[in-house]
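# Report on the structure
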Amino acid sequence: HRSSGINAEYGENAEGGSFWIKTLAKGASTAGALLAAVMGIFVLISLSAKCIAMGIYMVAAGLVVLMLEATMCFLFLDIGKWIESKSDRIRAWQKMVLYFGMCIPAAVICGSTSYARQMDDISTA
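Residues numbered from 1 in each chain as written. Predicted model: local features only at pLDDT ≥ 70, side-chain atom pairs only at ≥ 80, totals over all residues. Heavy atoms only, no water.

### Points about the packing of helix α2 (residues 19-44) against helix α3 (residues 49-69)
In contact at an axis separation of 7 Å, α2 and α3 are set at 160 degrees when each is read in the N-to-C sense. Between α2 and α3, the angle falls in the class roughly antiparallel. Relative to α3, α2 is oriented so that their crossing is left-handed. Contact with α2, carried on its side by K26, S29, T30, A33, L34, A36, A37, M39, G40, I41, V43 and L44, involves C51, I52, G55, I56, M58, V59, G62, V65, L66, L68 and E69 of α3 and no other residues of that element. Within the contact of α2 with α3, the residues separate by chemical class into 16 nonpolar, five polar and two charged. (Axes fitted to C-alpha atoms, helices over the stretch in contact; angles between N-to-C directions. Helix = DSSP H or I, 4+ residues; strand = E, 2+ residues; numbered from the N terminus. Parallel < 35°, antiparallel > 145°, perpendicular 65-115°, else oblique. Left-handed = near helix turned anticlockwise from the far one by under 90°. Contact = heavy atoms within 4.5 Å. Nonpolar A, V, L, I, M, F, W, Y, C, P; charged D, E, K, R; others polar.)

### With respect to the pattern of salt bridges
Pairing between side chains becomes possible if they bear opposite charge and their charged atoms approach one another. For the structure on display, the rule yields two salt bridges. With a shortest N-O distance of 3.6 Å, E69 and K26 are connected by a salt bridge. Taken as a pair, E69 in helix α3 and K26 in helix α2 lie far apart in primary sequence, 43 residues in all. By relative accessible area, which is 31% here, K26 ends up partly exposed. (Salt bridge = Lys/Arg side-chain N within 4 Å of Asp/Glu carboxyl O. Buried < 20%, exposed > 50% of the residue type's maximum accessible area, 1.4 Å probe, protein only.)

### What to know about the packing of α3 against helix α5 (residues 92-109)
Look at α3 against α5: their axes get within 9 Å of each other, and the N-to-C directions meet at 170 degrees. As the angle between them shows, α3 and α5 are arranged roughly antiparallel. The segment α3 lies against α5, with K50, M54, Y57, M58, A61, V64, V65, L68 and E69 engaging K95, L98, Y99, M102, P105, A106 and I109. Broken down by class, the residue content of the contact of α3 with α5 amounts to 13 nonpolar, no polar and three charged.

Right, dumping it as structure tokens:
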């Protein structure tokens, strides 16, 4: 069957996705997870208790995404091998919904990081 040879030549697999697209998506997700964790650390330096809680949440969410996308970083843990076996079974759209859903609480609860708003929150508390 000629078309399967052409698909294999361009790196398509049984799911229909290209190897390069999947690798790019994993790289982007990993970079986003690291960025979320780093920005969560910056949010921890805040005057608002809600924003401090969301900073902790952002670091934890970044670690969850990192566990799902860069499983090799967690293979030294007992749960790392289990996560690796389950991570590849999750479809891309399900991961996208999970990642998008995880960012909503931080954006809603601590929507502004301006110093003036934090001072207003402290003065009204």
